[in-house]
Amino acid sequence: NVEIVQKRGALSGIEKQIASLGAPVDQDQLMKMVAGISRRRQLAKVYANRYLDTVLIGELAALTPPGIRLTEVKISLGPVATATTPNASKDKTNDAAASKPSPEEVTVEGLILGERQLLETSLAGFKIALESSPIFRQVTLQKNSVEPYRKNDALHFILNMKVEEPVHG
């Protein structure tokens, strides 16, 4: 009798836990939720690819100090991704995301104005700022030369950098 009372007490505790969990999840409802999340994720990728160029230019503008003048910015595009699943070709958002190539490399050309002894220091500071950015990686100096500019000298430089993979999907 004591064991029966203990077992019934344990059983009632388990029944209370099951009741607190709520109704069982319907498989169809779960699949609809997964499909909705998948659609929202694809839409977010489309928007990310659409505005990536703007994000890259905005990040460069934010990191560029006042003494540096950018003369040219090139965004090299990588290969165009194609839809791999048969269902993906039916979805217009997948086609839009797959048809736009993703940028892989950014080339920045510019001039550093100021005192001649501070030109190299300014370039090093700019390079460090770009390397610390979460968007850019592998910042390399392609060209670095002092050239006459108006009445003073300026440091002409070309920097190459890769775009971080999670930024563009």
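Undergrad: Just to check I follow, could you spell out the nonpolar core for this structure?
TA: Side chains of a nonpolar character, in soluble globular proteins, are inclined to be buried together. Of all hydrophobic cores here, the largest spans 19 residues; its most connected members are Val 106, Leu 130, Phe 136, Phe 157 and Met 161. Looking at this core, the elements that each hand over two or more residues are helix H3 (52-63), strand S2 (103-113), helix H5 (119-131), strand S3 (136-149) and strand S4 (152-163). It is S4 that provides the largest number of residues to this core, a total of five residues. Setting aside residues up to four positions removed in sequence, Val 106 forms contacts with Leu 56, Leu 60, Val 73, Lys 74, Ile 75, Phe 136, Leu 159, Asn 160, Met 161 and Val 163.

Undergrad: What is the right way to look at helix H1 (residues 2-21) in this model?
TA: In an α-helix, one full turn covers 3.6 residues, which means residues spaced three or four apart are oriented alike. Look at H1: 29 Å from first C-alpha to last across 20 residues, which is about the 28 Å you get at 1.5 Å a residue. A positive phi of about 95° marks Gly 22, the residue just after H1.

Undergrad: Sorry, what's going on with the pairing of S3 here?
TA: One face of the sheet, then the other: side chains in a regular strand alternate in exactly this way. In this sheet, S4 lies alongside S3 in antiparallel orientation, the contact comprising eleven bridges. If you follow Asn 144 over to S4, its bridge partner there is Phe 157. Connecting S3 to the antiparallel partner S4 that follows it, the hairpin turn spans two residues, and Arg 150 within it adopts a positive phi of roughly 55°.

Undergrad: Explain the packing of aromatic side chains here, please?
TA: Ring pairs (aromatic) are described by centroid distance and by the angle formed between their planes. The tally for this structure, following the rule as stated, stands at one aromatic pair. Pairing Phe 126 with Phe 157 gives two aromatic rings, centres 6.0 Å apart and planes at 70°, and the pair type is edge-to-face. Note that Phe 126 is positioned in helix H5 and Phe 157 in strand S4, a separation of 31 residues in sequence. A relative accessible area of 0% places Phe 126 in the buried class. Residue classification places Phe 157 among the buried residues on the basis of a relative accessible area of 0%.

Rules used in this analysis
- Within any chain, residue numbers begin from 1 and follow the written order of that chain's sequence.
- In view of the model being predicted, local features appear only for residues whose pLDDT reaches at least 70, and side-chain atom pairs are presented and counted only at 80 or more, with totals across whole chains, interfaces and linings using the full set of residues.
- Note that water and hydrogens are dropped before the side-chain values are worked out from all heavy atoms of the structure.
- In this description, a nonpolar core means a group of buried Ala, Val, Leu, Ile, Met, Phe, Trp, Tyr and Cys residues linked to one another through side-chain atoms lying within 4.5 Å.
- Relative accessibility decides the category of a residue: with a 1.4 Å probe and only protein chains considered, values under 20% of the type maximum give buried, values over 50% give exposed, and everything between is partly exposed.
- The helix count covers DSSP runs of H or I at least four residues long, the strand count covers runs of E at least two residues long, and both are numbered beginning at the N terminus.
- Two residues qualify as a contact provided that any one of their heavy atoms is within 4.5 Å of a heavy atom in the partner residue.
- A helix is expected to span 1.5 Å multiplied by its residue count minus one.
- A pair of strands is treated as paired once DSSP finds two or more bridges between them.
- Centres within 6.5 Å make a pair out of two Phe, Tyr or Trp rings, where for Trp the six-membered ring is used; the pair is then stacked when the planes are under 30 degrees apart, edge-to-face when over 60, and tilted otherwise.

Any link to function would need more than the numbers given here.
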